[in-house]
Amino acid sequence: MLFAFKIAIPVILLFICTGCYGAKETDSVAYVIAHGVDKAPGGKLTITTQIAPPAGPGKSEQENIGVIDTITIPSSGQNRTLISSTLSRTLNSTHLTAIIISEEAARAGIAPILAFFSRNREFRDSIYFIVVPGSAADYIQKNTSRLNLTISRLYENYLTKKNYSLPSTLHTFYTSFKNNGSSPYITYSAVNPRTGEDKSAGYKTPQQKSTPYIAGGIPRAGTKTAIEFLGLAVFKDDKMVGVLNSEETRAVSLLRGEFSWGYLGVVDPLAPQKDFISLKVYTYNKPKITAYFNNKAPVFTVKLKLELEVLGITSGTSYEKPEYRRLLETQVADLLKEQILSMLKHTQALGTDPVGFGLYLRPQLDTTAELSKADLTELYQQADIQIDVTAKMRRTGLIWQTTPKRNG
Amino acid sequence: MKAQPGNMGIAEGMSLVFITTSSTIFLAAWSLAIDRTTTASWMMPLINTCTGLLTLCLLLYVLSVTSTDLYDACQLLVGTTATRLIVLYYIGIYFLDATLLLRQFAENTLLTALPELPFEIAIGWYTIIAVILSYIGIEATLRAGYIIMPLIILASFTVLTMLLPQYEILYLAPWRGPGLDKVLASGVMSSGINIGILIPAFLASSFQNTKTVKYSVLYALGLSCLVKTATLAAFIAAFGTGSAREKVLPFYELSRLVYINRYIQRIESLVIIVWAVAGILNITVLVYAGIYLLARLFNLPTLKPLILPVLLLISALAMIPEEITSVITLHTKLHFGLYNIGTMLIPFALFVMALIHAFKQKNSKKQPSCQ
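Just so it is clear, the structure is predicted and the values come from calculations on it, not from any experiment.

### Comments concerning the packing of aromatic side chains
1) Next: For the structure on display, the rule yields 21 aromatic pairs over all chains.
2) Next: Each ring, one from Y90 of chain B and one from F202 of chain B, has its centre 5.0 Å from the other, and the planes form 70 degrees; the classification is edge-to-face. You can see Y90 of chain B sitting in helix α4 (residues 70-112) and its partner F202 of chain B sitting in helix α8 (residues 199-202), a full 112 residues away along the chain. A single burial state applies to Y90 of chain B and to F202 of chain B, both of which are buried.
3) Next: Members of the aromatic cluster, joined through ring pairs, are F129, F173, F177 and F235 of chain A.
4) Next: A cation sits over an aromatic face here: K280 of chain A above W261 of chain A, 4.5 Å from the ring centre.

### Comments concerning unusual backbone geometry
1) Next: Cis rather than trans, the peptide bond between A173 of chain B and P174 of chain B has omega equal to -5 degrees.
2) Next: Mapped onto the elements, P174 of chain B comes out in the loop between α6 (138-162) and α7 (180-189).
3) Next: Of note, the phi angle at R194 of chain A is positive, near 60 degrees, even though the residue is not glycine.
4) Next: The phi dihedral of K296 of chain A is positive, around 70 degrees, even though this residue is not glycine.
5) Next: Relative to the helices and strands, K296 of chain A resides in the loop between β12 (288-294) and β13 (297-313).

### Points about the packing of helix α2 (residues 29-37) of chain B against helix α9 (residues 210-244) of chain B
Residues and elements named next belong to chain B.
1) Next: Where α2 contacts α9, the axes come no closer than 11 Å and their chain directions differ by 65 degrees. With respect to the hand of their crossing, α2 and α9 are arranged in right-handed fashion. Here W30, S31 and I34 of α2 come into contact with α9, specifically with K228, L232, F235, I236, T241 and A244.
2) Next: For the contact of α2 with α9, the per-class residue count stands at six nonpolar, two polar and one charged.

### So, the interface of chain A and chain B
When the parts of a complex come together, some accessible area is lost, and that lost area is often used as the size of the interface.
1) Next: Counting from both sides, the interface comprises 37 residues of chain A and, opposite them, 43 residues of chain B.
2) Next: Summed over both partners, the interface of chain A with chain B buries about 3300 Å², with 54% contributed by carbon and sulfur atoms.
3) Next: For the interface between chain A and chain B, the tally reads five salt bridges.
4) Next: Across the salt bridge formed by E156 of chain A and R262 of chain B, the nearest N and O atoms sit 2.7 Å from each other.
5) Next: Inspection of the region where chain A meets chain B yields 21 residue pairs in polar contact (both at pLDDT 80 or more).

### Structural notes on the packing of α6 of chain B against helix α10 (residues 250-257) of chain B
Packed helices, taken two at a time, are described by the angle their axes make and the gap between the axes.
All names here are of chain B.
1) Next: Relative orientation of the contacting elements α6 and α10 amounts to 50 degrees, with a least axis distance of 9 Å. Classed by the angle they form, the pair α6 and α10 counts as oblique. Both α6 and α10 take part in a crossing whose hand is left-handed. Of the residues in α10, those touching α6 at A155, S156, V159 and L160 are F251, L254 and S255.

### Thoughts on the nonpolar core
1) Next: Y90, Y94, Y126 and L293 of chain B are the most contacted members of the largest nonpolar core, which totals 125 residues.
2) Next: Judged by nonpolar contacts, the second largest core, of 47 residues, contains L166, V252, L328 and L379 of chain A.

### Focus: the environment of A82 of chain B
1) Next: Tracing the backbone shows A82 of chain B in helix α4.
2) Next: Residues A82 of chain B and Y171 of chain B, 89 residues apart in the sequence, show an inter-C-alpha distance of 48 Å.

### Quick notes on helix α12 (residues 304-318) of chain B
Residue and element names in this part refer to chain B.
1) Next: Taking 1.5 Å as the rise per residue, α12 with 15 residues should run 21 Å; its terminal C-alpha atoms sit 22 Å apart, in good agreement.
2) Next: Burial in α12 covers these residues: I307, V310, L311, I314, S315 and A318. An end-on view of α12 places all buried positions within 135 degrees of arc, on one side of the element. Those residues of α12 that are exposed and angled more than 90 degrees off the buried face are P305 and L313.

### Let's talk about helix α10 (residues 322-350) of chain A
1) Next: Between its terminal C-alpha atoms α10 of chain A stretches 42 Å, which fits the 42 Å expected from 29 residues at 1.5 Å a residue.
2) Next: Following α10 of chain A by one or two positions, G351 of chain A has its phi on the positive side, about 75 degrees.

### With respect to a nonpolar patch on the surface
Residues and elements named next belong to chain A.
1) Next: On the surface, F3, I7, V11, L14 and F15 cluster together to form a nonpolar patch covering roughly 590 Å² of accessible area.
2) Next: Assignment of secondary structure puts V11 in helix α1 (residues 2-16).
3) Next: Note on V11: relative accessible area 39%, which makes it partly exposed.

### Overview of the environment of E320 of chain A
All names here are of chain A.
1) Next: Within the secondary structure, E320 is located in the loop between β13 and α10.
2) Next: Measuring from C-alpha to C-alpha, the distance between E320 and M393 comes to 8.2 Å, with 73 residues separating the pair along the chain.
3) Next: In this structure, E320 is in contact with I313, R325, M393, T396, I399, W400, Q401 and T402, ignoring residues within four places of it in sequence.
4) Next: Only 2.8 Å separates the side chain of E320 from the side chain of S318, close enough to count as a polar contact.
5) Next: At 2.7 Å, the side chain of E320 forms a polar contact with the side chain of T402.

### As for the pairing of strand β10 (residues 261-267) of chain A
Residues and elements named next belong to chain A.
1) Next: Burial within β10 is extensive, with five of its seven residues counted as buried.
2) Next: In terms of strand pairing, β10 meets strand β11 (residues 276-282) through seven bridges, oriented antiparallel. Directly across from G265, in β11, lies its bridge partner S278.

### So, the pattern of salt bridges
1) Next: Under the criterion given, the structure shown has 21 salt bridges over all chains.
2) Next: Its salt-bridge partner being E156 of chain A, residue R153 of chain A comes within 3.8 Å of it at the nearest N-O pair. Here R153 of chain A pairs with E156 of chain A, and both are found in helix α7 (residues 151-158), just three residues apart, close to one helical turn.
3) Next: Residue E156 of chain A is classed as buried on the basis of its relative accessible area of 13%.
4) Next: The residue E228 of chain A makes a salt bridge to R220 of chain A at a minimum N-O spacing of 2.7 Å. When sorted by exposure, E228 of chain A lands in the same class as R220 of chain A, which is buried.
5) Next: Connected via shared salt-bridge partners are R153 and E156 of chain A together with R262 of chain B.

The rules behind the values
Residues numbered from 1 in each chain as written. Chains lettered and ligands numbered in written order. Predicted model: local features only at pLDDT ≥ 70, side-chain atom pairs only at ≥ 80, totals over all residues. Heavy atoms only, no water. Phe/Tyr/Trp six-rings, centres within 6.5 Å; stacked < 30°, edge-to-face > 60°. Helix = DSSP H or I, 4+ residues; strand = E, 2+ residues; numbered from the N terminus. Buried < 20%, exposed > 50% of the residue type's maximum accessible area, 1.4 Å probe, protein only. Lys NZ or Arg CZ within 6 Å of the ring centre and 35° of its normal. Axes fitted to C-alpha atoms, helices over the stretch in contact; angles between N-to-C directions. Left-handed = near helix turned anticlockwise from the far one by under 90°. Contact = heavy atoms within 4.5 Å. Nonpolar A, V, L, I, M, F, W, Y, C, P; charged D, E, K, R; others polar. Buried area = accessible area lost by both parts, 1.4 Å probe. Salt bridge = Lys/Arg side-chain N within 4 Å of Asp/Glu carboxyl O. Polar contact = N/O pair within 3.5 Å; in protein donor to acceptor, adjacent residues only side chain to side chain. Parallel < 35°, antiparallel > 145°, perpendicular 65-115°, else oblique. Core = buried A, V, L, I, M, F, W, Y, C linked by side-chain atoms within 4.5 Å. Expected span 1.5 Å × (residues − 1). Arc of directions from axis to C-beta. Patch = residues over 30% accessible without salt bridge, like charges linked within 9 Å, V, L, I, M, F, W, Y side chains within 5 Å. Areas by Shrake-Rupley, 256 points an atom, 1.4 Å probe, with all protein chains shown as cover. Pairing = 2+ DSSP bridges.

So, to be careful, I would describe these as geometric facts and stop short of saying anything about function.
Quick look at the structure:
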């Protein structure tokens, strides 16, 4: 009996282990890199699917784009079936890098789109979300790069930056959308017309040297890469309600504790008309945010500490010296404080909380019953927010003191 | 009985209790728990571990008074008819739990790893391995479990550590959830999840001594509590209760979320192996415990002939529900309801009977000395 059992088991296993269920060779699979979502008439969606070039990166930009197919469908699920009927290979979305949503679709609400992507195991939580003005299909068509061999790498490289743009993934969007305490946001990107036209977006503070932009507005011409990532599409629930410019986006990044370093240009405090100072700004810790209720009105206090490294002083003033250093530190702190306050005013008016101030109110509530009754975004809109920014010059670059210009 | 298991020690006992009490972290049970206790759900494993330890104390007292295993203790304390009813109840819930676990683990295999695998084959695979393990015997199965146990703990804490950048601790607030009274009540009601802690008491005669039973349950329950509490807290911190309560597979979702950089991601395929092994071992242990009690109940000389028919029946039963939602809901209802009779009510009743028995024995010893 035991002998028969010992023989029977390997024989059974031989029949069962003849192959892996559902396994497919790579040359029978079409890997989706990006999906574009546009609104179509009659409540339908136009889904653009970008598929990786089967033979790997090609020689020309056009070859690198891969296969692009656009289908108008009533539901996301049907897109899979329809596109499968146009392809000889099996569609596979496990390597999908980005979902590009047109601003029109985003403003109408993206909950119906999320419903498909968040439930399906092929779509990972690390998929990047991008909102574009105009058509997502056009954006995908025009998105070529000479610096990146693959389109998926292009998105990954762009979307690791947390300065003038802030990456948003399926996970970050979905958790903000489903939980009480913060509002979802999505990276804003656009195709630049490359005419050299300067389309500044927003006002400049007196200390500010740089100009705020949103994607598509940088004055550039002649470059090969058409797309740019600048700004943040902000949402109330699942509906897009506005766009933050580059400076406001950096303010969100600073307050969320996601900013690690970036470049900054400030007006020279001693020669504001013509000179400026270039700096590298670092943050090593998340800002300290505290929240409390003052007669049922929420009050937030924010303490943000920055470190500076001087990169260039056009006036030749020795800002490295203690008597001038304080001036420069105050100039930077004031600039960023004003930009943060401007962002807060803008988002409070829009009724969206991309920083997640509402989260800091959660410990102030006793039970989850109270939490479900409270509208934390509305409380954020009414909140008194006190900002304290301090900047310290840590390093002076390779020059530790500036010699004044020679007279005569 | 010929098939009476061998001489098991703390390692085997720990493996038994750890596998049967912790494998729920790989299932939907904790997503449903979030519905009850929201942000404070991580406290539930702490509370039901405390009730589990209380049950252990009660059982150890019963075993010390009767100097036997739980089956014989029942016969001594409540008589044959009541013992049969109690044992039938435990057989029923062990087989029922094995059935529900088999269905969920098979479905989860399809959901996470092999979507094109026919459902019957998935059930068949789990059943075949459970049959082989049961034939090899509980001792060997538990030793295999003891090897797997550090891997489960290591895999869990590796995933939780790699997710550090993804946590939002404020998702755990309000710290008291729906209120501490409700959390406490739900925690006590969830004690049914630790139904496996009764098995060492039934197999007490196979362990070296009562101390072995005591320390194996104590250590394993502590470890299991640590893993479950940390995982649940991490689950809420990573997803927030709003998103977490939707998930079918909390641990799988956590492992899927790991993204350190483009080179360290997609580690869930490694974790799937760990939970599949834990699932098979859990099913095997439950089926073995049920068959063992069946053999004791009917005074059978051996239990091996029962393994194949019982597992075939269980696999057939596992395939009956038409959809998975009813299985998940039923399993949670059992954890919070029917299983509590076995984890709290029966041990307490036996403890009371043991107290009376001890009191009577004390009196009967005193009486001759008076004469």
